[in-house]
Amino acid sequence: MKIKIQNLKIKGIRGAKETVELPLNGKSILLYGDNGTGKSSISDSIEWFYTDKVSHLSGSEIDLKDAIRNATINDIDNSEITISYNNTNLDCTKELANKRGKLASELLNGTDEFKKYLNDSENENLLLRYQYLTNFIDNTKGEKLKYLSDIIGFGEVTKKKEVLQKSHNFVKSEIKAQNFDAQISYQKQILIDKLGASISQEQQLFDIINVKIKPLNSGIEIKSNNDIDILLDHIKKSVNNNLHLELKFLEDTKNALLILKGEAEFINTEYEKYYTEFEIIANDVDAIMKTYLAELLNVGKTVLSKKYHKENSCPLCLQDKDINELQKEIQKRLTEIEESSKKKLSYDKAKQSVVSITNERIKRLEFILANTEINKEANKEIKEALTLLQNKISEYQKASVIKVTSGDKLIKTEELKLLDIDFIIQGKIGERILKIQEFQKKDNATVLFSNISASKEAFLKIQNFNKQKNILEKQRKSLEIIYNEFVKKQKEGLENFINTFSDRINEFYQYMNPGEPFQEIKIVTIGEDDELNGITIEYKYNGKWVSPPQKYFSESHLNCFGISFFLASVEAFNNVNKFIVLDDVISSFDSNHRKRFAELIFEKFSEYQIILLTHEKEWFTNIVSPLARKKGWLTNEIKWNEVKGTHIKEKPSDLKESILFQIAEGRIENIGNPMRKYLEHCLKEIALNLEAKLSFKFNDSNEHRMPYELLMAIRSAIKDSSKELKDEYPLLNRIESSALFGNALSHDNPINASTGDIKSFWADIIELEKLFICQEITCRRPKVSLLNYDTVNHKIRCGCDATKYDWKR
């Protein structure tokens, strides 16, 4: 069951000082109110109820709680809005009360069902005001996309896409920085050097080691890595451990330097890319500085577009400035910044690459420098060489943290690049390794121990590098597939939605503008590859595609488009509620558009409950009211005075609706006076149509007041003229004798009647009304009146002759 409003009651909010109640019973209502009567008190209250804000009141200089509260009510009184629904579990009052000197708001329905309803409703399009209509069209392409993204939830999709893209780029960067292929290649070379074979399978390693150790007759057969450890423990007893540790240190250092030297060109190239990007930005530092102002400019743009700042001055420095010119300047600067942002993105990417690569190489050198062998006197020269290399790479790293806006210059690649001379220590290390190996030739056990331990370590490193590489590659491929599919589905989904959405917008627009040269209005996405940058609006004007719409649209056409967009949004996204509020949305319409808009609402949105507010008297009176009454809408007027503030004019037809609703709800405590007022209205109509003679008396001599006088006059007129109507005297008698009829002192007398008495009295009033008003729907003059007198048959009758009584003139 979609939600409609049964009853709406506001008090102490905006212009409504006293209670303003709309007993809607799920029906639509048309409300007219002149400017300043407080129509928006209703729409503001509803917006505040659902969103805890009022868009046109939001602003840094406006405290919403003060603004929403009627300024004339006492501090101890609450401001509140109560909405009753066709699902009574959702009935709720939201009040604004003065607590300890501060205004605080509270929703008085704390059930999970209501919380869920309110949360779901926040994403729906429930309220449209004229001032919102052209905002969408005036926005930039990016802002249009954001607006549409917000209402269809596409913004969350875009955020997820960005997360996927960042994850994919991170994994790619990690694979690049680790340089797995080079590290695996060097470890394979160790295996060849130590075992004389290229090994790719674990069993191959075990088989070769078994062959190598056969002369030892150790009785150990290698079937696992654990067996290798047992073997090494067995051999270690005969090994010169100091010599072994020195050899291992030298070989590890040699291999680390070999890998690093092999990566020198790669490191230098990545730094050169970063240097180039840095220079581009540094040579136009104003551009990069502008990107830091983007957020401020966007805030300023919002302040101006939302009209939080209306004076012809800059809202920041307050210097005189034409506000329209200021908006154009801000947009121009934001466009320039967009180009600079692309340059900065390229710069950031190059910078991040240098950071990742240098961090990884410094970490490897730190691992070698952490070996205790490095501090031996014999290794002093190696330590110095490694430290120099570490410092040199650190210069790359330091360059990556220099702020491009600081004015500092980067050291040129030529001055920093890794050169062969930086690795000259490799030769000395190699010579020492050869000497140790030459010495070890006489010690088979030590050679065997060294070769097998180094081979095992190299093989495990290869396995580890392959494992890490495979994991990252799988992650990269998975993320790439997910990202590409995500983007594909995102674009397909958005395109499908926008095509359908555009069709509805165009349908509503064409309905309001038949025969005009604007055709095929649609929303179009803008973007290259997988980047969606914005949306714009296109249409055919005299057969040629046009964009943006402001080019040929008049304000009235823009107004039509805004309404069409809103109504299409209501159809597309309102899944919970079946009501909408339209507050003065036709202000810029000409008479033709106003008529077409009214017909659109009644024809296309007849299933919706609509609260339609307008200050256009002619439109209300001559166009919408007749249609509204035919469709069963309620109609009324909003008034304002010093005593009541904003209030609803109690027209008879609406008063009847109010009485019916209160009886249906069992709310009878304040129903007596409205029923007497309605009876008085009926009696006046009957007396007028029967031309009953009525003597006016002042209240001090007429203790029964007007209804009694009217009833007596009608009875007197019937007495001499109609036998058929005289038969209805019992009905007149029941009304006259009712305790509810006797309002001797005042119309405002309180009443304390039973439910049965009230229902009986009301039934008699309705019976009286039906007696003198034709019930045929097609009857154009339903009131039984002497104006329709049948001179042939001597009958008093209605316009269609269905209701008639004998009458002697």
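Being a predicted model, the structure only gives us computed values, none of them experimental.

It is not clear to me how the overall build of the protein should be interpreted in this structure. Could you clarify?
Within the protein, the secondary structure is distributed over 26 helices and 17 strands. Against the globule reference of 28 Å for 809 residues, the protein gives a C-alpha radius of gyration of 44 Å, more extended than a compact globule. C-alpha extents for the protein along the principal axes are approximately 150 × 65 × 60 Å. A burial count over the protein gives 46% of its 809 residues as buried. Of the contacts formed within the protein by residues at least 6 apart in sequence, a portion of 68% connects residues at least 24 apart. For the protein, the exposed surface amounts to about 42300 Å²; the carbon and sulfur share of it is 50%. In the protein, the 120 positive side-chain charges and the 122 negative ones have mean positions that sit 2 Å from each other.

Explain the confidence of the model for the protein here, please?
Regions with low pLDDT carry predicted coordinates that are not meant to be interpreted in detail. Overall, the predicted model of the protein reaches an average pLDDT of 84, with 91% of residues at or above 70. Under a pLDDT of 50 for its full length, residues 744-749 has, in the predicted model, 11 contacts with residues more than four places off or in other chains.

Teacher, can you tell me more about the side chain of Glu769 here?
Tracing the chain through its elements places Glu769 in helix H26 (residues 755-772). Ignoring sequence-local partners within four residues, the contact set of Glu769 consists of Lys656, Tyr678 and Cys682.

How should the environment of Lys795 be read in this particular structure?
Along the polypeptide, Lys795 turns up in strand S16 (residues 795-797). It is 9.8 Å that separates the C-alpha atoms of Lys795 and Ser785, two residues lying 10 residues apart in sequence. With residues near it in sequence (within four places) discarded, Lys795 still touches Glu724, Asn788, Tyr789, Asp790, Lys804, Tyr805, Asp806 and Trp807.

Which parts of the structure should I look at to understand the packing of helix H17 (residues 444-512) against helix H19 (residues 591-604)?
A packed helix pair is summarised by two numbers, namely the angle formed by the two axes and the spacing between the axes. It is the contact of H17 with H19, at a shortest axis distance of 8 Å, that shows an interaxial angle of 130°. Considered as vectors, H17 and H19 are oriented oblique to each other. Residue-level inspection shows Glu507, Phe508, Tyr511 and Met512 of H17 in contact with H19, the latter providing His593, Arg596, Phe597, Glu599, Leu600, Glu603 and Lys604. Grouping the amino acids of the contact of H17 with H19 by side-chain chemistry returns 5 nonpolar, 1 polar and 5 charged.

What exactly am I supposed to notice about a nonpolar patch on the surface here?
A grouping of Leu293, Leu296 and Leu316 is seen on the molecular surface, where their side chains present a nonpolar patch of about 290 Å² in accessible area. The topology assignment puts Leu316 in the loop between helix H12 (285-305) and helix H13 (323-369).

In this structure, what is going on with the packing of aromatic side chains? I would like to understand it.
Each aromatic ring pair is described using two quantities: the centre-to-centre distance and the angle formed by the ring planes. As enumerated under the stated definition, the model contains 27 aromatic pairs in all. Relative to Phe114, the ring of Phe49 lies with its centre 6.2 Å away and its plane at 70°, an arrangement referred to as edge-to-face. With Phe49 in helix H1 (residues 40-51) and Phe114 in helix H3 (residues 112-121), the pair connects residues that are 65 residues apart, well separated along the chain. Look at Phe114 and you get buried, because its relative accessible area is 1%. When the centroid spacing of 6.1 Å and the interplanar angle of 70° are considered together, the rings of Tyr50 and Tyr117 count as edge-to-face. Note that Tyr50 is positioned in helix H1 and Tyr117 in helix H3, a separation of 67 residues in sequence. Residues Tyr50 and Tyr117 agree in their burial class; the two are buried. Joined through ring pairs, the aromatic side chains of Phe49, Tyr50, Tyr85, Phe114, Tyr117 and Phe579 make up one cluster. Looking at Arg596, its charged tip hangs above the ring of Tyr511, at a distance of 4.6 Å from the centre. Against the face of Tyr789 rests Arg809, its NZ or CZ located 4.8 Å from the ring centre.

Sorry if this is basic, but what is going on with unusual backbone geometry here?
If you check the backbone angles, Asn179 has positive phi at about 50° while not being a glycine. Take Asn179: it is sitting in the loop between helix H7 (154-178) and helix H8 (180-195). Even without glycine at this site, His794 takes up a positive phi of about 55°. As for its placement among the helices and strands, His794 is situated in the loop between strand S15 (785-790) and S16.

For this particular structure, what's the right way to read the pattern of salt bridges?
Summed over all chains, the structure comprises 46 salt bridges. Between Glu106 and Lys99 there is a salt bridge, and its shortest N-O distance comes to 3.4 Å. Measuring nitrogen to oxygen at the nearest pair gives 3.3 Å for the salt bridge that ties Glu767 to Arg734. Separated by 33 residues along the polypeptide, Glu767 in helix H26 and Arg734 in helix H25 (residues 729-737) bring together distant segments of the chain. Residue Arg734 is classed as partly exposed on the basis of its relative accessible area, which comes to 37%. Salt bridges linked by common partners bring Glu263, Glu360, Arg361, Lys363 and Arg364 together as one network.

I keep staring at the pairing of strand S13 (residues 634-641) and nothing clicks. Help me out?
In summary, the side chains of a regular strand alternate between the two faces of the sheet. Judged from the 5 bridges that link them, strand S3 (residues 29-33) and S13 form a sheet pairing that is parallel. Looking at S13, one finds that Gly33 is bridged to Ile638.

Where do I start with the sheet that holds strand S7 (residues 127-129) in this structure?
Read from one edge of the open sheet, 6 strands run S7-S11-S12-S3-S13-S14, paired in mixed fashion. Either end of the sheet is taken by a strand with one partner, and the two such strands are S7 and strand S14 (645-648). Recorded for the sheet is a direction-independent mean angle of 15° between the axes of neighbouring strands. Where S3 meets strand S12 (residues 609-614), 4 bridges bridge the pair, whose relative direction is parallel. Within the sheet, the bridge partner assigned to Ile29 lies in S12 and is Ile611.

Can you walk me through the sheet that holds S15 in this structure?
Strand pairing in a sheet takes place through backbone hydrogen bonds and is either antiparallel or parallel in direction. If you walk across this open sheet you meet the 3 strands as S15-S16-S17, and the pairing is antiparallel. Looking at the sheet topology across the chains shown, the edges are occupied by S15 and strand S17 (804-806). Sheet twist, expressed as the mean angle between neighbouring strand axes with direction ignored, is 35°. Pairing of S16 with S17, which is carried by 3 bridges, proceeds in the antiparallel orientation. If you follow Ile796 over to S17, its bridge partner there is Tyr805.

Procedures and definitions
Residues numbered from 1 in each chain as written. Predicted model: local features only at pLDDT ≥ 70, side-chain atom pairs only at ≥ 80, totals over all residues. Heavy atoms only, no water. Helix = DSSP H or I, 4+ residues; strand = E, 2+ residues; numbered from the N terminus. Rg over C-alpha atoms; globule rule 2.2 N^0.38 Å. Buried < 20%, exposed > 50% of the residue type's maximum accessible area, 1.4 Å probe, protein only. Contact = heavy atoms within 4.5 Å. Areas by Shrake-Rupley, 256 points an atom, 1.4 Å probe, with all protein chains shown as cover. Lys, Arg positive; Asp, Glu negative; His and termini not counted. Charge placed at Lys NZ, Arg CZ, Asp CG, Glu CD. pLDDT = per-residue confidence, 0-100. Axes fitted to C-alpha atoms, helices over the stretch in contact; angles between N-to-C directions. Parallel < 35°, antiparallel > 145°, perpendicular 65-115°, else oblique. Nonpolar A, V, L, I, M, F, W, Y, C, P; charged D, E, K, R; others polar. Patch = residues over 30% accessible without salt bridge, like charges linked within 9 Å, V, L, I, M, F, W, Y side chains within 5 Å. Salt bridge = Lys/Arg side-chain N within 4 Å of Asp/Glu carboxyl O. Phe/Tyr/Trp six-rings, centres within 6.5 Å; stacked < 30°, edge-to-face > 60°. Lys NZ or Arg CZ within 6 Å of the ring centre and 35° of its normal. Pairing = 2+ DSSP bridges.

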